[in-house]
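The chain contents come next:
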Amino acid sequence: MLRERFSAPLDRSALALSDSTEEDTALLRADLWGSRVHARMLGETGIVPVRSARRIDAGLRALERRAARGQLPLTPELEDVHLNVERELTRRIGRDGERLHTGRSRNDQVATDLLLWLREALLDLEEGCARVALALRERAASPQGRSVVTGWTHLQPAQRVYVAQILGTHALRFLRDAERFRSVRERLTDSPLGSGALAGSSLPLDRRRTARLLGFSRPSPSSLDAVSDRDAALEALSNLALLGVHVSSLAEELVLGSMPQVGRVRLADPFVTTSSLMPHKRNPDLAELLRAESGPALGRLVAHLALLKGLPLAYNRDLQTGKPLLFDGVDRALRGLAVLAPMLSTAEFLAPKEHVGETGSVEVVDALVGAGVPFRQAHRRLARELHRLERAHRTLRELSPREWQQRFPELEGWRAHPSPESEPELRRTEGGSARESVRPLLAEVGRRARRAARAVRAERSRLLRLQQALNVPIQRRRRSAARAGRSPRPHRAR
Ligand code: ARG
């Protein structure tokens, strides 16, 4: 196809490099949708006879049905999804199919397809992140959330916190991811369709009409930009890299927590594996695989940025190489989120039988500050006391009431050092570890997750209505003089 200008077909080796049909299967639905909208506009404006536009539309609908059944394989010889669709259509309906590509280039087509594809991918990602946040919240609100564990900094015992706060915090990260994906989606407003190869068209295309039919708010303001802009893909890849980091951090805590020495987490049987040699093993392989995904997620972002760097304006074939990066990035992230939600819902978060390591020293310092001692002095006194205790293999908890009285006479109310279980309640600042601070955190997680899910539902039904609107028969439309602009009159079709 498209070799009439040359004396020879594309070399086989060249075809193997050029072919993008494998990844383009992802774009099939978007390509058919964009084509139906383009054909409708061509019929409505009279650029193509209405009868032909209707036949094209019927043909494309048939292809949609085949695609939905997975029965529209793409032929590598035809290079990409766009030429495959056009060829299949023409095979099916004959010469009318040859009018479909009027006023269109694969350059504005692939840009349009990518945005349509991305819009739905972002919805899936928003939904996946919200699901994980809700799974975390549900665990946090369960009795397991009230377990007290040692919060670490530098992986050293720092201050005791409720499991609920840890889980609620991971949930916040996933909600920010969902909100970032949504923000990318809400900025997919400019329709590339009608930008042609790079400079628009001499035919009176109605770009506002196709923009509206595809659910965009307007035609892109520069055709040169429309065919080269991959910002949205880059933003998505950037958000995916960050999501990957969040997943890896949570996964690492699941791996660490499953270590018998730590004993905070027990992953359910469907989410652990065993050893091919050591029958006693209970390995957190799935959590490790989730942890690993952040590497390729970051790599895809860097790879895509690198391939764009230094590209001149308008379409360059390099852009094709970006597509699998985006498709794989989304696919891998969705797989990860799909595992994470049930993995968390079935995990047990355990209260450690023994609290390892000294904590609660800050609270003694704070109490001294409350009694009027300057902070740095109080810090020093505690540090010296802890130094003495450590040499005696003792802890603050083991000080008798008399020893407390001797060492910290200012602290009349303190009969003993707070137990690990009571420690989180001492920090009641907003966002702190006490129950009264964790409760609003969990409430916020619930609110934001529900808001994210509502936004997804609303957008999905908007997209569905747009698709259904294409079932109305195509009619010739009178264009307003203003919109017809200075475009030359279309050739009357025979
Ligand atoms: N297969 C191309 C891609 O995926 C479509 C656009 C090709 N345009 C061109 N002039 N060769 O980006």
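Scroll up a little and you will see the structure.
Every chain's residues receive numbers from 1 upward, in the order its sequence appears when written. pLDDT decides what is reported in this predicted model: residues at 70 or higher carry local features, side-chain atom pairs at 80 or more are listed and counted, and totals for whole chains, interfaces and linings draw on all residues regardless. Excluding hydrogens and water, the side-chain figures rest on all heavy atoms present in the structure.

S.K.: Give me the lowdown on the environment of Glu-253, citing residues and values where you can.
M.R.: Strands are runs of DSSP state E lasting at least two residues, helices are runs of H or I lasting at least four, and both sets are numbered from the N terminus onward. Mapped onto the elements, Glu-253 comes out in helix 10 (residues 231-258). Measuring from C-alpha to C-alpha, the distance between Glu-253 and Lys-281 comes to 19 Å, with 28 residues separating the pair along the chain.

S.K.: Tell me what's going on with the nonpolar core, and back it up with residues and numbers.
M.R.: By nonpolar core is meant a set of buried Ala, Val, Leu, Ile, Met, Phe, Trp, Tyr and Cys residues that side-chain atoms within 4.5 Å join together. Burial classes: relative accessible area under 20% of the type maximum marks a residue as buried, over 50% as exposed, and values in between as partly exposed (1.4 Å probe, protein chains only). Counting 93 residues, the largest nonpolar core has Phe-174, Leu-243, Leu-254, Leu-326, Leu-340 and Leu-344 as its most contacted members. With 16 residues, helix 6 (residues 106-141) is the largest single contributor of residues to this core. Only heavy atoms enter the contact rule, under which two residues are in contact if any of them lie within 4.5 Å. Once you skip the residues sitting within four places of it in the chain, Phe-174 turns out to touch Cys-129, Val-132, Ala-133, Leu-136, Leu-243, His-246, Val-247, Leu-250, Leu-337 and Leu-340. Residues Val-364, Leu-389, Leu-399 and Leu-411 belong to the second largest nonpolar core, which totals 13 residues.

S.K.: Tell me about helix 5 (residues 81-93), and please be specific about residues and values.
M.R.: A helix is expected to span 1.5 Å multiplied by its residue count minus one. Spanning 13 residues, helix 5 covers 18 Å between terminal C-alpha atoms, matching the ideal 18 Å at 1.5 Å per step. Among the residues making up helix 5, those that are buried are Val-81, His-82, Leu-83, Asn-84, Val-85, Glu-86, Glu-88 and Leu-89. Tucked inside the fold, the buried residues of helix 5 contact helix 2 (21-24), helix 3 (28-45), helix 4 (50-68) and helix 6. Under the rule applied, a polar contact is a pair of N or O atoms within 3.5 Å (in protein, one hydrogen donor and one hydrogen acceptor; residues adjacent in sequence only if both atoms are side-chain atoms). The distance from a side-chain oxygen at the start of helix 5 to the backbone nitrogen of His-82 is 3.2 Å, and the residue carrying that oxygen is Asp-80. Looking at the residues trailing helix 5, positive phi occurs at Gly-94, about 80°.

S.K.: Tell me what's going on with the pairing of strand 1 (residues 148-153), and back it up with residues and numbers.
M.R.: Pairing between strands is defined by DSSP: at least two bridges between them are needed. Here strand 1 runs beside strand 2 (residues 156-162); their pairing, made up of 6 bridges, is antiparallel. Opposite Thr-150, over in strand 2, you have Arg-160 as the bridge partner.

S.K.: Describe in detail unusual backbone geometry, supporting the description with residues and values.
M.R.: Glycine aside, a negative phi is what most residues show, and trans is what most peptide bonds show. One non-glycine residue with positive phi stands out, namely His-154, at about 55°. Summarising the element assignment, His-154 is placed in the loop between strand 1 and strand 2. One non-glycine residue, Ala-314, lies in positive phi territory at about 70°. When you line up the elements, Ala-314 lands in the loop between helix 12 (294-308) and helix 13 (322-346). In this structure Ala-314 comes out as buried when scored by relative accessible area, which is 9%.

S.K.: Give a description of the packing of aromatic side chains that names residues and reports values.
M.R.: Aromatic pairing here means that ring centres of Phe, Tyr or Trp (its six-membered ring) are within 6.5 Å. Orientation follows from the plane angle: under 30 degrees is stacked, over 60 is edge-to-face, and everything else is tilted. With the rule as written, the count across this model stands at 2 aromatic pairs. Ring centres of Trp-117 and Phe-327 lie 4.6 Å apart, and the angle between their planes is 55°; on these two criteria the pair is classed as tilted. Residue Trp-117 is found in helix 6, and its partner Phe-327 is found in helix 13; the two are separated by 210 residues along the sequence. A single burial state applies to Trp-117 and to Phe-327, both of which are buried. Ring-over charges, as used throughout, are those where CZ of Arg or NZ of Lys falls within 6 Å of the ring centre and within 35 degrees of the ring normal. A cation over an aromatic ring shows up here: Arg-119 above the ring of Phe-216, its NZ or CZ 5.2 Å from the ring centre. It is Arg-264 that lies over the ring of Trp-152; its NZ or CZ is 4.0 Å from the centre.

S.K.: I'd like a rundown of the side chain of His-82, residues and numbers included.
M.R.: Looking at the element boundaries, His-82 is found in helix 5. At 2.7 Å, the side chain of His-82 and the side chain of Asp-31 are in polar contact. When residues no more than four places from it in sequence are discounted, the contact partners of His-82 are Asp-31, Arg-106, Gln-109, Val-110 and Asp-113.

S.K.: Any chance you could break down the pattern of salt bridges for me, citing the residues and the numbers?
M.R.: Criterion for a salt bridge: a side-chain nitrogen of Lys or Arg within 4 Å of a carboxyl oxygen of Asp or Glu. For the coordinates displayed, the defined rule picks out 39 salt bridges. Here Arg-448 makes a salt bridge to Glu-179, at a shortest N to O gap of 2.8 Å. Residue Arg-448 is found in helix 17 (residues 435-469), and its partner Glu-179 is found in helix 7 (residues 163-186); the two are separated by 269 residues along the sequence. Taking relative accessible area as the criterion, Arg-448 reaches 15% and is therefore assigned buried. Of the residues examined, Glu-179 reaches a relative accessible area of 30% and is grouped as partly exposed. For Arg-435, the salt bridge goes to Glu-425, with nearest N and O atoms at 3.6 Å. Here Glu-425 lies in the loop between helix 16 (401-407) and helix 17 and Arg-435 lies in helix 17, a separation of 10 residues in the sequence. Here Arg-435 falls in the partly exposed class, since its relative accessible area comes to 41%. Look at the salt bridges and you will find they share partners, linking Arg-36, Asp-57, Arg-61 and Glu-64 into a network.

S.K.: Tell me about the side chain of Asp-57, and name the residues and values.
M.R.: Assignment of secondary structure puts Asp-57 in helix 4. Within polar-contact distance, the side chain of Asp-57 engages the side chain of Arg-36 at 2.8 Å. Those residues in contact with Asp-57 that sit more than four places away from it in its chain are Arg-36, Arg-40, Leu-470 and Ile-474.

S.K.: Which residues make up the packing of helix 6 against helix 7, and what are the values?
M.R.: In this analysis, axes come from line fits to C-alpha atoms, helices being fitted only over the stretch in contact, and the angle between any two N-to-C directions falls in the range 0 to 180 degrees. In contact at an axis separation of 8 Å, helix 6 and helix 7 are set at 165° when each is read in the N-to-C sense. Considering the angle they form, helix 6 stands roughly antiparallel to helix 7. In the packing of helix 6 onto helix 7, the handedness of the crossing is left-handed. Basically, the charged four are Asp, Glu, Lys and Arg, the nonpolar ten are Ala, Val, Leu, Ile, Met, Phe, Trp, Tyr, Cys and Pro, and anything else, Gly included, counts as polar. Taken together, the residues that form the contact of helix 6 with helix 7 break down as 16 nonpolar, 2 polar and 6 charged. If an angle is under 35 degrees, it is roughly parallel; if it is over 145, roughly antiparallel; if it lies from 65 to 115, roughly perpendicular; otherwise it is oblique. Crossing handedness is read from the near helix: turned anticlockwise from the far helix by less than a right angle, it gives a left-handed crossing, and turned clockwise, a right-handed one.

S.K.: Account for the site of the ligand, naming residues and giving values.
M.R.: When at least one non-hydrogen atom of a residue lies within 4 Å of a molecule or strand, that residue is treated as near it. The immediate surroundings of the ligand are formed by Ser-20, Asp-80, His-82, Arg-106, Asn-107, Val-110, Tyr-315, Gln-320 and Lys-323. Here a nitrogen atom of the ligand sits 2.9 Å away from a polar atom, N or O, in the side chain of Asp-80. Take Gln-320: an N or O atom from its side chain is 2.9 Å from a nitrogen atom of the ligand. The greatest single-element share of the shell around the ligand, amounting to 3 residues, is contributed by helix 6. A class-by-class count of the residues in the shell around the ligand yields 2 nonpolar, 4 polar and 3 charged.

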